[in-house]
Structures are given as C-alpha cells and as structure tokens.
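Commentary on secondary and tertiary structure
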Amino acid sequence: MSSDSWRTLEEVFERAVELEGEEREAFLQQRCSDDEKLLQVLQSLLASDESAGAYLEGPLAEAEVEAKPAASPLAKGHWVGPFQILEKLGEGGMSTVYRATRQDDTFHRQVALKVIRRGMESAETLRRLRIERQILARLEHPHIARLYEGGMTEEGLPYFVMELVDGVPIDHFCQQHQLSIDDRLELVKKICGAVQYAHQNLIVHRDLKPNNILVTADGEPKLLDFGIAKLLDPTTVSKTEATSAWVRLLTPHYAAPEQLEGKPVSTATDVYSLGVLLYKLLTGELPFLRKSHQSLKDLEALVLSSKPPKPSLVAQRQRARQSSGSHSREGAQETASSIASDERLQRRLSGDLDTIVLKAMNRDPQRRYPSAEGLATDLHQHLSGFPVLARRDSWSYRTGKFLRRHRLAVGTAAAFVSVLVAGGFALAFQATSLRLERDQLQEVVSLVVDIFEVAGEGEPITVRQAVDRSTALLDVRLGQQPEVQATLLHTIGRIYLNLGATGQAQTLLEEAVGLRSHRFGSDSLEAAESLSFLGLALALNGEFEDGEARSREALDLYRQHLGTQSPDLVPPMNTLVGVLCARNGASDEAQKLAAETLEMAQRLLDKQSFQLGLALSHRALLLSREGEHDDAAALYRQALDLYRHNLGEEHPEIAVLTNNLAFANQRRGELEEAEDLFREALSLNRKLLGTESSTLAQSAYNLGNLNLELGRFDEAEPLFREALGIVTAVHGPDHYSTLLITVGLASTHISQGLPQDAELLLRQGLELWSGPLEGTWFLATAVGVLGESILSQGRHEEAEPLLRKSHSQILELRGDQDPKTREAAARLETLRQKSGRDPSPGEVLDSL
Amino acid sequence: MQSGDEKEDSSKNNITELLIAWREGNVAARDELIPLVYNRLRGMAKNLLRRERPDHSLATAGLVNEAYLRLIDQSRVQWRDRSHFFAIASQMMRRILVDHARSQAREKRGGKAQHVPLDELAWVSPEKPPSLLALDEALNALASYDPKAAQLVELRYFGGLNKYELAEALGISTATVARRWRVVRAWLHSYLVRGERHEL
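Residues numbered from 1 in each chain as written. Chains lettered and ligands numbered in written order. Predicted model: local features only at pLDDT ≥ 70, side-chain atom pairs only at ≥ 80, totals over all residues. Heavy atoms only, no water.

On to the overall build of chain B, then. For chain B, the helix and strand inventory stands at 8 helices and 0 strands. Element order for chain B, N to C, with α for helix and β for strand: α-α-α-α-α-α-α-α. Put simply, chain B has 200 residues, and 42% of those count as buried. By sequence separation, contacts in chain B at least 24 residues apart represent 66% of the contacts at least 6 residues apart. Summed over its atoms, the accessible surface of chain B is roughly 10,400 Å², and 50% of this surface lies on carbon and sulfur atoms. (Helix = DSSP H or I, 4+ residues; strand = E, 2+ residues; numbered from the N terminus. Buried < 20%, exposed > 50% of the residue type's maximum accessible area, 1.4 Å probe, protein only. Contact = heavy atoms within 4.5 Å. Areas by Shrake-Rupley, 256 points an atom, 1.4 Å probe, with all protein chains shown as cover.)

Here it is, written out as structure tokens:
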C-alpha cells in the first residue's frame, strides 16, 4: 500500500461510514469496482469500526495496567463456607453469581452466591464490610432480594449470599410480555417503593439498572444487590484505587452525572437511575445513545453536557424511521412503537410522562424528585388521571400538595385565601398603601382564588401562565390596569412566601417591585411594600445581605412617607425582623429592632391585631435563641392568643408557635407542660400537614428528645423513627436534620443498652454526612455520640480520639458556654471516669 | 535550592534557544536539542515508572506536556515551536516506553509474575487494549503507508495531546483530526485485534 492508496482508502472510508446498509454497500461497489483489494480492506476496516467500541479510546497505559489474577471460577460441588456450588448463573463486570445450596437442619434452600472477583486488602476494609453487611441484612421488603450473609472465600475474595430470585431483567420481561404502558408504570412504581424503603434505612443502591431488577413469573419486581456497589466503591472502601477505574465498572447509561464526575452519591442518584429505567421501558431506547465509534469519555461528556431527547420525541422518530423503511442499527431492540403499536403513543408520552422522566433525570440532583416516593406519587397521579405536579418546574410539588389539602380542608374560597395568606408574616390584603378600590380588591381576591383552584384541580399550569391568564381576564373585566396586575403579582408572591416556595416568591416579587416602581415611582409606598417582602424572600433563599438591604431600603421609604410613629410602620418592621431572624442566631441589632417593633405594635396597634402577634413571636424567638426561655415562653403565650384570634384554632402557624413554646418550656425545665404542648403541636401537624411535612418531623423529633431527657426511652424510639422516616423522604439522608434525628435515635439506643445498634446507625450515617456537613457542630456531635456508643461497648482506646475530636470541634464552633459543648465535655468526662481505674459496678460484682 | 533553580533556568534557556534556532532553519540546533530533551524526558518517565503503583503509567501521557512546561520558556516561543516540541517529544516518549516494556518483558520471562489484562475493563470494549509492543509494531507498519497517520497515534498516545493540540501540531482542523482518527483506529483494530494484514 502506497501513500496514495492510503489517502484513497481514507477518503472512501470517511464517506462510507456515513452510510448504512445497502446504501453503503452500493457506494463501496461503485468506488471499488476495479479494485478488489481496496474493497476488502475497506470492508475489514468498516467491520472493525463497528465492533471497536471504545477500543484505543482510553489513555495508552490502560494497556499496561497490571491486575491481580482473576479468581478462577468455582466448579460444581465446590464449597464456599457452608454453601455448596450447584451451577454458575452469570458473570458481571466484577463478580460471578452461582446457584448454591446449604444443607443442614436450619437452612434448607437454594441461594444466589455472589463472589466478588477482586480482593479486599486491609483489616479496616474487612471490618467495614462486616458492618455494612449487618446493615444490608436488615433490609426486609417484598421487592428487595434479601441478603442473608456474607464472608470471605479461601482466596480472600468477598462473597454475599442472597435470596435466589427466579426472574428475568425488567426490560426483557416487559418486552417478552408486551406489557402496556400502564403496566410498565405500575412496575416502576413498585420499584420506587422498594428504593424509598432502602433510602429510609439510609442505604443508596448506586447501581440501579435492568440487570439488577428482576421480575418473577408472577410479575413482581425484585431489586438485587442493594448497597453492594458501595462496598466495592474504592472511594468509600479505600483510597488506594483511582476513582476513574471505579466509574468504569458502573453501567454508564444508568449512572448519574454526579457519579460520572466522582462527586458524592445520594438518594437523588438512585432517582436519576430510576428515571433512565423509565425512559428505557417507555421508549425501548436509552436516553443517550452511544454510537459505536464513541468512546466512554464521549458518552460521559454527553451525559454531563446535554439533555436527553424527550421520550415522546423518540417515539416520533421511531415512527418516522419505520414509515421510511430504514432500520435502526440495533434492529433487535424493542422500540417505543412496538410497546404500543398505535400512533397515540407519542401523544401518550408527551406531557406528563415526558416531564416525569426528565425531572427524574435532571442533571442537578436538587431539581430531581426529592425522593423515590415523589416519583412514585407522580406516576400514581398520572395513572389515576390526576394532574402531575412535576409538570412544570415552577409548580413546586409541595405547593401543590399544600393547596390540594387546603382546598379540601377549607369550605369557602374566601376562607381558603385567608388561610393561605394569613400565616407567617402579615395579611396580604391589610396593606394600607394599596391604591385600589374595594371592588378592585375583591376582583383580585377572587382571581387569586381562581388561579389556585385551577392549579389545584384542572390542567396544571405555571404560575407565570396563571398570572398572564388572569391578567388577560382582568383586562377584559377592568381594562388595562398595571396596578392591579402588580397587586396580583405581589399577592401571589406573598402566598408563595408563606408556603415556603421562596424561589418563586422572589421572582414574582421582583416583578411586582418593577411594575409598581414603573407605575407609582420607585420611592412610592407601593414599591416599598413589594420591596420589603422581596427582601424577606431573598433572605429565606440564603441571600441575607441583599435581603437585608432591600428590606431596610423599604423601611426607610415607609418612614419618609409616614414619619417614625405610624402604626403602618409595624408591618415593614416585622418583615425586617423576619429577615434578620432568617439568619440563625440573634444579633444585638435583631434584638434591638425586635424590641422596638414590639413596643410600637403594643403602643399603636389594636390589642387583637395579627401584626402584634407577629411582633411578639419574633421577639420570643430571639429571646429563646439567647437562652432567655422564661421571657420567651410568656411572649409566645401572648402571641398564640393573637394567632388563634386571627387565624382560628387550626393553622400550621399555630403548630409552629406551639412547638416553639414547648421548646422554651423544656429549656425552663417545665417538662410536663412541654410534653403536653409538643403533643398538641404534633397532633395539629398530623392533622393539617399529612404525614410528610418536615414540620411534623420536627415536632416528633422534639417530643422524642423530651422523652429521652425524661428517661422514657421506649417512647422516644418510635418518635425518632417517625421523624427519621419523614425527613429522609423529604430532605434526603444527607440533610442535617436527618443527622440530628439519627443522633437522637442513637442516643436512645445507647440508653436502651443497645450501643451496637447506635454504632451501626451512626457509622452508616457518617459516610453520607461527612462530605456535605463537614465543619458543622452537628457532624461533630454525631462523631461524639459514635464515640459514646463505642465507649459503652468497652472499647476505650477506640472511643477516645472520637470523643476528643468531637469536643474540640464543638468547643471551637460554639464556645465553652454552649450546652452542646457541655454535652461533649460530659461525654469526654465519662471516658476519663471509665478509664481511670475505678472499677465499674459490673466489675465489682464479677470480682466477688 | 537556589543553585538547583539556576541550573534549571539555564538549561531551560538553552533548550528554548535551540528550539527557536531549529525553527529558523538551523538543523544543527535540532541535533543538539534531541539528546537534551530525551534525557530529561527519560528522567521524568523513569521517576514515574519506578513507583510500584499499578496506575503509574496512566500518568505518562501527561509527561510530554509537563516536559514542555518545565523545559521551555513559553514567553519566548511561538505556537509552531510548541508543535515541533510535541512532535519530537512524543516520538521520544514512545521509544522510552517501548524500551521499558521490552525490559519488563525480559524480566517476566525470567520467571516473574504473569501479565494478566484487566478483565474488568471488558465492558468498555470486548477487546483488551493492545500491549505496548504490539502497538509499536503496528505503528511501524502503518508508518510505511502513511507516516502522518502513525504520527497522529504517536502524538495522541505517547504525547497525550488532546484534539485541539493534535489539530495544532498537525496543522489540520479538529474535525479532520476526528475523521483521520477514525480510520486509523479501525486500521489498528483490524491489525491488532482481528490480526489482519492488509496489502494494497
């Protein structure tokens, strides 16, 4: 071959790879009609191109990596511990699975035995492996294959003994049985339930994919290998192996972006993989198709940088391809059109299902479903024909739920709005500065009602759309009135603020400020009113400085208009105090302003006014933060009376206030009263918020802590468990509130005489927390309680460094007067007492 | 420390001068340059190869870039000098690594542990990556048809150049880099994996 013929080869090859099937063949025949050799070479190269996969795409030296010898496969009859091998069932990237049996009196059944094909080096690794195994063995769920036990083969390879599942991978199952879309969704729903259960036990699967989800003959899914991936992840087991090598072992199509990037894994990682699974089951295709010449790196880059096409689009493309007669390269693959053979499929997928799948697969873990349960709920909603709340990002899931609950709970539309609007910081329609006629105001009220009624019931829409639609309606009813539109934006912004949807609140309030500044001037009271709340929204979104500046600017404007002694100054002052409270702690400035606001409210406002209640509760909160619990409790009581007067007996804000009052009482040592109040808050929250609000979790946690303090451990335990269940579902297991509740539960276990349970729980948790919560006193506390649990088991030397580290960190973070520091010091003191050779009572007894 | 820095600086100046002189047509400068760069590169590579960590060689591809940063005063050279440097350094790197692989192969025949490829990488591609010695042989064969094609592989593998650097070094667009790479890769695959020996 000469240099010339290479160039010819190159040129023909480059054009041929762009063609497929018969077209390519025809092109080759035409170009090589007189050159049989060239044709042969080209055909060989094209064949290589198709089968090369990622050949030579990695860095050079992969070729030279030395590996440990792969374990020889186990033959039939071979024994692994007490199990005898019957046959090989399959082989994966890093493990081999056998059917095995154990025959003795206690245990007579067949199991799946999975041998990992690489050694685990250190004693530390082995110890951790044992702990993990114990945790995994606790997972008991109808859709999760049980892990019975595990151990180490004679060659030093870890093995796991699991429930033997007689089933086929879910994608094959769906294809074999030609399941309908609904049936596929039902299957995924069940899987979500199992994943949720594991997440509540702080276990993330990390490698969800069809091969790990088998479906039995009676149609029940079973998840395999829960948590096994973690045991093999070198970044959690030992630091000696490169992460990139680990990522290579994952199935890249189902791996979440954060896994590909080597970032921390969370429950959201599993939600992503569930999204990909759904995608595959609905369209028959993977979201990111890897062409044969693409390398793994290219695929990763694709996952990290682009959005997958909507499932409905895939269905459309497949239909187009079919009608044009050409075939996809993977001819044997199931296609969306073969799942549901009519054209309606595309319409079926577009809308809800597109949105559900893509939300689960959002690149940003924060923007996926907060939990597997959230995904299941939307699938359920879709299946039962209700609007799906994930439909638009801007419609937060929580908001929708809240609205639906209250639509049911509250009779009339007007009352509905007052419930929504009254809570939190002020009554939206009490603002004095509105230059709207009474009937215009009525119009706005009824429109707001309409908007939320529509959103709660009918076709889901974005707030933006709702506002636009209502503005159009308003134009018809009232003519062009930017002030009305601005009021609408302002009001809905306020409602969002009260609902905790602070992101949306910020957007709407920004617009309201803009419109009102334009209409009335940027120094108008109207603009100031919106600006004041915009500051609060910013502060609640974590932008404290910006928020404070806006709310201050607003208050200054109010003062310019109204002087310094107007009762109408109280709302913006309350809002500014709210801004200052949003930042944890109680600065002198916040204390001073809160006291001033309260004084003004008491002097200038009606004795029954809601704003007075708000000022009281702010002042109480800040006093409580300063440790002045007596004064705080008295003010909370007054505030509660005013809240009840204005909001009725049953309102989420009342539960919050009752909870705060209970906390103050606990700190005062009024434990019985505290307990009654916590119970009141808990039952109110259960009634108002259903089973999945973090406020409910907070009440349960507080009551649990109180019971712990009172020494009623068996009452504390279920409360902590309830709280933990809610919080892991709502915030995920790596949230600080999950940490706090877990610490409470672990402390209970220590007191119950179950320090081993406490140790397991904390070790499991610390892995998730140590990244995101590094440098917080919560984390240091968890480390301290872990030390305590180890100390209780008599392992003094192991406990000591943990207790010391915890104490010094908390001391540094909180100062020596803080109760948390004193608790840590007390734990350290226990160590001293136990280590100083004062014999324990047990030892005294033993020596007798 | 100070004297070491000075030594480093003067050799940096020297190598940079030679590189510039070569671009300006001084062939003697090139001949003087090559052993200097070779020795430095070999020192750096040996340092890496000596460490007994299994992933050591993953880093060798970065060496050419590292050498460039360490040996050349970038404020004084043009992009063309950089390409020249990459071209000769990649070629040297190939020689260094192939020599190393040969000596290792000799040691192994002397009774050391068997070389076993990582089967865990299997899912990436059904074929194991080629051994360095086989790749070297294939590149020699390829160079006899088209030296530019072989150089592409050399720069990419042994020089660790990314597609932009490849485009710059070869004076072609990145799209052309990608197209040529695809042919070359298919050829190597057919040669190394399917064992075909084409002749035209």
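Before going further, it helps to spend a moment on the nonpolar core. A:Leu739, A:Leu762 and A:Trp769 are the most contacted members of the largest nonpolar core, which has 101 residues in total. Filtering out sequence-adjacent residues up to four positions away, A:Leu762 remains in contact with A:Thr742, A:Val743, A:Ala746, A:Trp769, A:Ala782, A:Val785 and A:Leu786. Counting 74 residues, the second largest nonpolar core, distinct from the first, contains A:Val12, B:Val37, B:Ala67 and B:Leu135. (Core = buried A, V, L, I, M, F, W, Y, C linked by side-chain atoms within 4.5 Å.)

Attention shifts here to the pairing of strand 8 (residues 213-216) of chain A. All names here are of chain A. Across the two faces of strand 8 the burial is the same, with Ile213 and Val215 and Leu214 and Thr216 all buried. Bridge analysis of strand 7 (residues 167-169) against strand 8 gives 3 bridges, and the strand direction is antiparallel. In the sheet register, proline 169 faces strand 8, and the bridge partner there is leucine 214. Sheet topology note: the strand 8/strand 9 (residues 221-223) ladder contains 3 bridges and is antiparallel. Within the sheet, the bridge partner assigned to valine 215 lies in strand 9 and is proline 221. The turn joining strand 8 and strand 9, which pair antiparallel and follow one another in sequence, is formed by 4 residues; a positive phi near 85° is taken by glycine 219. (Pairing = 2+ DSSP bridges.)

Describing two packed helices takes the angle between their axes plus the distance from one axis to the other. Residue and element names in this part refer to chain A. Between helix 23 (residues 525-540) and helix 24 (residues 544-562), the least distance of the axes is 7 Å, while the angle of their chain directions is 155°. Relative to helix 24, the element helix 23 lies roughly antiparallel. Both helix 23 and helix 24 take part in a crossing whose hand is left-handed. When helix 23 is examined against helix 24, the residues Leu525, Ala528, Glu529, Leu531, Ser532, Leu534, Gly535, Leu536, Leu538 and Ala539 are found in contact with a partner set consisting of Phe544, Asp546, Gly547, Arg550, Ser551, Glu553, Ala554, Leu557, Tyr558, His561 and Leu562. (Axes fitted to C-alpha atoms, helices over the stretch in contact; angles between N-to-C directions. Parallel < 35°, antiparallel > 145°, perpendicular 65-115°, else oblique. Left-handed = near helix turned anticlockwise from the far one by under 90°.)

When the terminal C-alpha atoms of helix 22 (residues 502-520) of chain A are compared, their 26 Å separation across 19 residues agrees well with the 27 Å that a helix rising 1.5 Å per residue should span. Within the sequence span of helix 22 of chain A, burial applies to A:Thr502, A:Gln504, A:Ala505, A:Gln506, A:Leu508, A:Leu509, A:Ala512, A:Val513, A:Arg516, A:Ser517 and A:Phe520. (Expected span 1.5 Å × (residues − 1).)

Once that is clear, we can look at the confidence of the model for chain A. Of the residues in chain A, 70% reach a pLDDT of 70 or more, and the chain-wide mean stands at 75. Low pLDDT, under 50, characterises residues 60-71 of chain A; the predicted model gives this stretch 34 contacts beyond four residues in sequence or across chains. (pLDDT = per-residue confidence, 0-100.)

Moving on, we come to the confidence of the model for chain B. Residues and elements named next belong to chain B. Taken residue by residue, chain B gives an average pLDDT of 72. The fraction at 70 or more is 72%. Every residue in residues 52-58 is under pLDDT 50, and counting partners more than four places away or in other chains gives 11 contacts. Within the model, the stretch residues 108-128 combines pLDDT values under 50 with 42 contacts to residues more than four positions away or in other chains. Reported for the predicted complex are a pTM of 0.42 and an ipTM of 0.77.

What follows concerns helix 25 (residues 570-582) of chain A. Residue and element names in this part refer to chain A. Under the 1.5 Å per step criterion, the end-to-end length of helix 25 is 18 Å for 13 residues, consistent within 8% with the ideal 18 Å. When we look at burial in helix 25, the residues that qualify are Val570, Pro572, Met573, Asn574, Thr575, Leu576, Val577, Gly578, Val579, Leu580 and Cys581. Packing partners of the buried residues in helix 25 comprise helix 23, helix 24, helix 26 (588-604) and helix 27 (610-625).

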